[in-house]
Amino acid sequence: MTTLKRSTILKDQVTHYCPGCGHGIAHRLVAEVIEELDIREKVIGTAPVGCAVLLYNYIDCDIIECAHGRPPAVATGIKRVRPDNIVFTYQGDGDLAAIGTAETIHAANRGENITVIFINNAIYGMTGGQMAPTTMLGMASTTTPEGRGKHGEGPPLKVCELLSSLQAVSYLERVAVSTPKDVLSAKRAIKKAFQKQIDGKGFSLVEVLSMCPTDWKVSPEKAVAFVNDEMKKVFPLGVYKDAK
Amino acid sequence: MAEKVLLKGNEVMAEAAVQAGCRFFAGYPITPQNEVPEYFSRRLPQVGGVFVQAESEVAAINMVFGAAAAGARAMTSSSSPGVSLKQEGISYIAAAELPCVIANMQRGGPGLGNIRAAQGDYFQSVKGGGHGDYKLIVLAPASLQELYTLTMNAFDWADYYRMPVMILGDGILAQIAEPVELAPYKPILEIASKDYILNGCKGRPSRVVKTLVLDPADGLIAHNEHLQRKYRRIAEEVNLCEEYQTSGAELIVTAYGIPGRIAKAAVRQARKDGLPVGMIRPITLWPFPDAAFAKVIKTARQLLVVEMSHGQMLEDVKLASQCALPTEFLGKGGGWYPTEEIIREKIDSMLNVSGRARK
Amino acid sequence: MGKIRFDVHRCKGCGLCVIFCPQKNLRMSAELNEHGHPYAQENEPGHCNGCGLCFRMCPDAAIEVDQHRRKTQTQE
């Protein structure tokens, strides 16, 4: 008999996330991967500004909370000082693709040997549903009440596509957590991204399409449908880079 | 005594840092401090350290944040516009109580300003340039030998008090070359082992470095009170200035950094000429050497503040002297610097000495 | 066959387990847990096939599943 159970890397806490939020699934996958790779005692994570700021309340390893957008720079400092540790960032779309775009691109371009878990839910969650850099055209937010426009706001930023041209990047994959099959793929991708770092291959990033029922103003059921029917069209899943 | 070496200020500071055990530097080029990253890029690999040319000053200070959290002696440097960009990170590092050293070789401002030496960043440095109630220890060397020593001390204070320490120089200090004795590093404080760093939780509970304080409801109030207690303690313990010829002086000239050095030459000559002039040169700008001013207000009759700005330290001098004495100001921003002659003319006019009476 | 256990106090009632249960064996409770959420429960205890899809989808790590048979889609 096998038992599927809560990872020992997860602290005994009830998360502050809304019902149906994808962060909880992504946290669990990161925890399961850390446990399966047996790297907890080497891991140093970074917590972002945004809904996942309290990451350290849920994942039981060394964690530093960063200013908005700066985790790749902070992770660079940590990894360069402690190359034998396993360093990951956990970032949302505003953090990674708006205020921290420069830090993201340059850490990737330096080939920093870190792993980035990027949660793309196409909206600013913690501040209450404003437009994210990944909000889709036509999608309403509290700062694009008529829907994101092609001309005023521009189309959404596609992070995996954008980073795929950088030579020093070792691994890029876009996954989702909106079906059980996607969740399994997401876990495999996260594990592979950590393994790239363990093998010294350089910058790895997994983009996770994730649900935000509260700020999308839909039920959790409709939220998974939105990821599956809408987001996946704009943000196709798949491996965008896997350097040898 | 060790042999003296001729180096530029920027190089002296970088070498002092390496001697003091700095093993991580991240920075972004900006004149007039470019020799700092250049020197570190050559020197740090020789000692097993890490140099990173960051994509911005914002990234550089955040790399230092990470490196400090990971336990390294870490440093960044810049000049005025770049230091403005670092303020966000400085606030986080101060809040997280991590040690690091930040150098600002000030240039003319505001805005892009120019690349001449200036002292317009005093308020930004000593009053907390980023958000929130925090302080930095701010050091203002006036010679390259002093820059060498204070840079080493800066790392000790940063570790001892777990806070960022700033070296506030200017473009002149950065660019002049002087013979400097590169004495070996001697710690001035006993540094406790760093039991707060992140190095993986092997054999211990996991640790968190953070600055968000939501719980308990008064947690952030308590954290602020803790920081303020620390700052009050530092104000007692770290307090440096050079007092020169203050005994019997009717007029006290005060200036920091390079203007302090120029003022000292003017005061020395004025004393030779029989004028009752002395000088206080603050070396720590925060904590400000209040006691030295409290002392001279009992004996002197006038104060003169000289700055390469439109009067920023002036306000601290007035506070420290409790506005007890008439205080005049000599200074301009944007790249102006005082000469001995200009300071002497001001001394003469304040003491009602005719310029022609001088030798 | 399988056995499912719910950590009722962690459950926020999002219902993702209900949606994805291939046996349609899960539902939300009529009562609320200590945090005020309805929580997941089995329609008929004993009907769990141990596939573990509910475990995969639970954002709150509130579900444990004993898998008596190894099913390929639930194990990596």
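This report concerns the structure included in the present document. (Residues numbered from 1 in each chain as written. Chains lettered and ligands numbered in written order. Predicted model: local features only at pLDDT ≥ 70, side-chain atom pairs only at ≥ 80, totals over all residues. Heavy atoms only, no water.)

**Thoughts on the pattern of salt bridges**
Thinking step 1. All chains considered together, the criterion is met by 40 salt bridges over all chains.
Thinking step 2. With its nearest N and O atoms 3.1 Å apart, the salt bridge here joins A:Arg174 to A:Glu207. Linking A:Arg174 in strand E6 (residues 171-176) with A:Glu207 in strand E7 (residues 204-209), this pair joins segments that are 33 residues apart in sequence. Each member of the pair, A:Arg174 together with A:Glu207, is buried.
Thinking step 3. Residue B:Arg281 pairs with B:Glu146 through a salt bridge whose shortest N-O separation is 2.8 Å. Here B:Glu146 lies in helix H6 (residues 144-161) and B:Arg281 lies in strand E12 (residues 277-282), a separation of 135 residues in the sequence. (Salt bridge = Lys/Arg side-chain N within 4 Å of Asp/Glu carboxyl O. Helix = DSSP H or I, 4+ residues; strand = E, 2+ residues; numbered from the N terminus. Buried < 20%, exposed > 50% of the residue type's maximum accessible area, 1.4 Å probe, protein only.)

**Re the interface of chain A and chain B**
Thinking step 1. Between chain A and chain B, the residue contacts involve 32 residues of the former and 33 residues of the latter.
Thinking step 2. Across the interface of chain A and chain B, roughly 2600 Å² is buried in total on both sides, 61% from carbon and sulfur atoms.
Thinking step 3. Among the residues of chain A in contact with chain B, A:Glu41, A:Asp62 and A:Glu65 are the three that bury the most area, contributing 22% of the side total.
Thinking step 4. Our count for the chain A to chain B interface comes out at three salt bridges.
Thinking step 5. Close ionic contact of A:Arg70 with B:Glu88 constitutes a salt bridge, the shortest N to O distance being 2.9 Å.
Thinking step 6. Taken together, the links from chain A to chain B amount to 15 residue pairs in polar contact (both at pLDDT 80 or more).
Thinking step 7. Those elements giving two or more residues to the side of chain A that touches chain B turn out to be strand E2 (43-47), strand E3 (62-65), helix H3 (71-81) and helix H5 (101-110) of chain A.
Thinking step 8. With seven residues, the single largest contributor to the side of chain A that touches chain B is H3(A).
Thinking step 9. Tallied by class, the residues present in the side of chain A that touches chain B amount to 15 nonpolar, five polar and twelve charged.
Thinking step 10. Judged from the two bridges that link them, E3(A) and strand E9 (residues 208-209) of chain B form a sheet pairing that is parallel. Each residue of the ladder has a partner; that of A:Ile63, found in E9(B), is B:Val208. (Contact = heavy atoms within 4.5 Å. Buried area = accessible area lost by both parts, 1.4 Å probe. Polar contact = N/O pair within 3.5 Å; in protein donor to acceptor, adjacent residues only side chain to side chain. Nonpolar A, V, L, I, M, F, W, Y, C, P; charged D, E, K, R; others polar. Pairing = 2+ DSSP bridges.)

**Comments concerning the pairing of E7(A)**
Residue and element names in this part refer to chain A.
Thinking step 1. When you tally the buried positions in E7, you get six out of six residues, the bulk of the element.
Thinking step 2. Both strand E5 (residues 115-120) and E7 contribute to a ladder of six bridges, which runs parallel. When the bridges of E7 are listed, Phe118 appears paired with Glu207.

**Description of the interface of chain A and chain C**
Thinking step 1. Facing the 34 residues of chain A at the interface are 30 residues of chain C.
Thinking step 2. Interface area, chain A with chain C, both sides summed: about 2700 Å², of which 62% is carbon and sulfur.
Thinking step 3. By the criterion of area lost to chain C, the three top residues of chain A are A:Thr2, A:Leu4 and A:Pro180, representing 26% of everything that side buries.
Thinking step 4. If you look at where chain A meets chain C, you find two salt bridges.
Thinking step 5. Linking C:Arg56 and A:Glu32 is a salt bridge whose minimum nitrogen-to-oxygen distance equals 4.0 Å.
Thinking step 6. Among the secondary structure elements, those contributing two or more residues to the side of chain A that touches chain C are strand E1 (2-4), helix H1 (22-37), helix H7 (180-198) and helix H9 (220-234) of chain A.
Thinking step 7. The residue inventory of the side of chain A that touches chain C, partitioned by class, reads 16 nonpolar, nine polar and nine charged.
Thinking step 8. Relative to strand E4 (residues 63-67) of chain C, E1(A) is paired through three bridges, and the arrangement is antiparallel.

**So, the nonpolar core**
Thinking step 1. Within the largest apolar cluster, 145 residues are counted, with the highest numbers of intra-cluster contacts made by A:Leu205, B:Phe24, B:Phe40, B:Met75 and B:Ile347.
Thinking step 2. Counting residues per element, this core draws most heavily on H6(B), at ten residues.
Thinking step 3. Mapping this core onto the domain boundaries places at least three of its residues in each of domain 1 (4-237) and domain 2 (242-350) of chain B.
Thinking step 4. Ignoring any residue separated from it by four or fewer positions in sequence, one finds A:Leu205 in contact with A:Leu96, A:Val116, A:Phe118, A:Val159, A:Cys160, A:Leu163, A:Tyr171, A:Leu172 and A:Glu173.
Thinking step 5. A:Met136, A:Ala189, A:Ile190 and A:Phe235 belong to the second-largest nonpolar core, a separate cluster that totals 59 residues. (Core = buried A, V, L, I, M, F, W, Y, C linked by side-chain atoms within 4.5 Å. Domains from an automatic or database assignment.)

**Let's talk about the environment of B:Tyr122**
Thinking step 1. Counting through the fold element by element, B:Tyr122 comes out in helix H5 (residues 122-126).
Thinking step 2. With relative accessibility at 0%, the residue B:Tyr122 sits in the buried group.

**Some thoughts on the sheet that holds strand E1 (residues 2-6) of chain C**
Thinking step 1. Sheet architecture is open: three strands sit in the order E1(A)-E4(C)-E1(C), paired in antiparallel fashion. With one partner strand each, in any of the chains shown, E1 of chain A together with E1 of chain C form the two edges of the open sheet. Between one strand axis and the next, the sheet turns through 15 degrees on average, direction left out of account. (Axes fitted to C-alpha atoms, helices over the stretch in contact; angles between N-to-C directions.)

**Concerning the pairing of strand E14 (residues 302-307) of chain B**
Residues and elements named next belong to chain B.
Thinking step 1. Counting buried positions over the six residues of E14 gives six, a clear majority of the element.
Thinking step 2. Neither face of E14 is left uncovered, since the one carrying Gln302, Leu304 and Val306 and the one carrying Leu303, Val305 and Glu307 both have all their residues buried.
Thinking step 3. The pairing of strand E11 (residues 251-254) with E14 spans four bridges and is parallel. Looking at the pairing, Val253 lines up with Leu304 of E14.

**Focus: the packing of helix H9 (residues 257-272) of chain B against helix H12 (residues 340-350) of chain B**
Residue and element names in this part refer to chain B.
Thinking step 1. Between H9 and H12, the shortest axis-to-axis distance is 9 Å and the interhelical angle comes to 55 degrees. Accordingly, the angle class assigned to the pair H9 and H12 is oblique. Crossing of H9 against H12: the hand is right-handed. Taken together, the residues of H12 that come into contact with H9 (itself represented by Pro259, Ile262, Ala263, Ala265, Ala266, Val267, Gln269 and Ala270) are Glu340, Ile343, Arg344 and Ile347.
Thinking step 2. In terms of residue class, the contact of H9 with H12 is made up of nine nonpolar, one polar and two charged. (Parallel < 35°, antiparallel > 145°, perpendicular 65-115°, else oblique. Left-handed = near helix turned anticlockwise from the far one by under 90°.)

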